[in-house]
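Below, each chain spelled out in residue letters.
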Amino acid sequence: ADMRMGDMFDDIYGAIDELRTMELQLEILFLDASDAVIVSRFKQTRRTHPVSGSGNILSGIAVERDKMQKIKEMADTVIDSTTYSPRMLAQWLGEKYTGSRDPRFQISIITFGYKRGIPLDADLVFDMRFLPNPFYREDLRHHSGLFEEVKNYVLSFDAAHYFLDHIVELVNYLCPCYISQDKKQLVIGVGCTGGMHRSVVTGEELFRRFQESGQHQVTIEHRDLNLERASIEKRFSDKQGE
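Residues numbered from 1 in each chain as written. Predicted model: local features only at pLDDT ≥ 70, side-chain atom pairs only at ≥ 80, totals over all residues. Heavy atoms only, no water.

**Quick look at the overall build of the protein**
Point 1. Each helix and strand counted, the protein has eight helices and six strands in total.
Point 2. The 242 residues of the protein split such that 41% are buried.
Point 3. A separation threshold of at least 6 residues defines the contact pool for the protein, and within that pool the share at least 24 residues apart is 76%.
Point 4. For the protein, the accessible surface area stands at approximately 14100 Å², while carbon and sulfur atoms represent 52% of it. (Helix = DSSP H or I, 4+ residues; strand = E, 2+ residues; numbered from the N terminus. Buried < 20%, exposed > 50% of the residue type's maximum accessible area, 1.4 Å probe, protein only. Contact = heavy atoms within 4.5 Å. Areas by Shrake-Rupley, 256 points an atom, 1.4 Å probe, with all protein chains shown as cover.)

**Description of the pattern of salt bridges**
Point 1. Inspection of every chain in the model, using the stated rule, returns 14 salt bridges.
Point 2. Here Asp35 and Arg65 are joined by a salt bridge, their closest N and O atoms 2.8 Å apart. Of this pair, Asp35 sits in helix α2 (residues 35-45) while Arg65 sits in helix α3 (residues 57-74); the two residues are 30 residues apart in sequence, bridging distant segments of the chain.
Point 3. Exposure remark for Asp35: the relative accessible area of 35% places this residue in the partly exposed category. (Salt bridge = Lys/Arg side-chain N within 4 Å of Asp/Glu carboxyl O.)

**Some remarks on the sheet that holds strand β3 (residues 106-113)**
Point 1. The strand order across the open sheet built from four strands is β4-β5-β3-β6, with neighbouring strands paired in parallel fashion. On the outer flanks of this sheet lie β4 (124-127) and β6 (217-222), each paired with one strand and no other. Each strand of the sheet is rotated relative to its neighbour by a mean of 20°, with strand direction disregarded.
Point 2. Its contacts with the sheet put helix α4 (residues 86-98) on β3, β5 (185-192) and β6, and the angle it makes with β6 is roughly 150°. (Pairing = 2+ DSSP bridges. Axes fitted to C-alpha atoms, helices over the stretch in contact; angles between N-to-C directions.)

**Re the packing of helix α1 (residues 12-20) against α3**
Point 1. Interhelical geometry of α1 versus α3 gives an angle of 20° and a closest axis separation of 11 Å. When the axis of α1 is compared with that of α3, the two are roughly parallel. In this structure, α1 crosses over α3, and the sense of that crossing is left-handed. Between α1 and α3, the residues in contact are Ile12, Tyr13, Ile16 and Arg20 and Lys67, Lys70, Ile71 and Met74, respectively.
Point 2. Classifying every residue of the contact of α1 with α3 gives five nonpolar, no polar and three charged. (Parallel < 35°, antiparallel > 145°, perpendicular 65-115°, else oblique. Left-handed = near helix turned anticlockwise from the far one by under 90°. Nonpolar A, V, L, I, M, F, W, Y, C, P; charged D, E, K, R; others polar.)

**Description of a nonpolar patch on the surface**
Point 1. Judged by side-chain polarity, Leu19, Met22, Leu24 and Leu26 come together as a nonpolar surface patch covering roughly 320 Å² of accessible area.
Point 2. With respect to the secondary-structure elements, Leu19 resides in helix α1.
Point 3. Looking at Leu19, the relative accessible area reads 31%, which means it is partly exposed. (Patch = residues over 30% accessible without salt bridge, like charges linked within 9 Å, V, L, I, M, F, W, Y side chains within 5 Å.)

**Some words on the packing of helix α6 (residues 158-180) against helix α7 (residues 198-213)**
Point 1. In contact at an axis separation of 11 Å, α6 and α7 are set at 50° when each is read in the N-to-C sense. By the angle between their axes, α6 is oblique relative to α7. Considering only the axes of α6 and α7, their crossing is right-handed. Residue-level contacts link His161, Phe163, Leu164, Asp165, Ile167, Val168, Val171 and Asn172 of α6 to Thr202, Glu205, Leu206, Arg209 and Phe210 of α7.
Point 2. Class assignment of the residues belonging to the contact of α6 with α7 gives a composition of seven nonpolar, three polar and three charged.

Listed below in structure tokens is the structure:
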């Protein structure tokens with residue numbers, strides 16, 4: 001149920017009361033997120049907010065929050081999906097309702113390009129622009145950090161290994177501290193100029209190391225990889241056309 005139900009949304013409370021009179025196991029799960037992330041999600045999908053008559057997304061969110069506050073207060077579980085990708089949310093829901101939730105601390109790695117902004121939900125952000133950029137190698141430019149040759153190039157520099165060793169050590173030190181403060185998840189942002197080469201290689205290497213240790217549950221998302229690849233292809237296609 002959401003605000004797209006229009007006037008029918010008000011009928012949900014009567015339906016809940018009726019369900020509770022039946023011999024059913026009823027649970028209300030409420031999904032929330034920060035205003036900034038909700039705005040970003042609407043912009044990414046190029047959709048208008050269902051109740052923003054003026055077209056202003058923030059005003060629509062304010063109306064929606066007011067309208068849904070009652071059912072949020074009734075909810076058995078409220079999930080803040082601010083730091084969740086669709087894949088992570090699906091994983092969480094699957095674990096919750098199949099009873100197989102991984103008790104380990106969760107590390108989420110997001111690679112990104114600085115030209116498109118730092119991830120709003122990142123707890124730690126690391127800048128990989130101190131390494132030589134594969135973009136300036138014609139044989140590597142059009143390949144992402146998932147490509148073996150790009151990976152080998154980025155990891156051929158001693159600075160890359162020094163960085164990785166120390167970041168893994170830092171994160172392993174910090175995780176118990178976060179857990180002691182009842183934090184359930186650590187979001188690590190790894191950025192480079194476009195989010196296609198250096199950050200992807202580094203993010204994948206961090207993912208591999210954390211996964212191999214087995215201490216934490218770890219996921220990775222390459223936020224800007226496809227966007228940057230399309231941008232590069234278009235840029236050089238336009239130059240050829242000229």
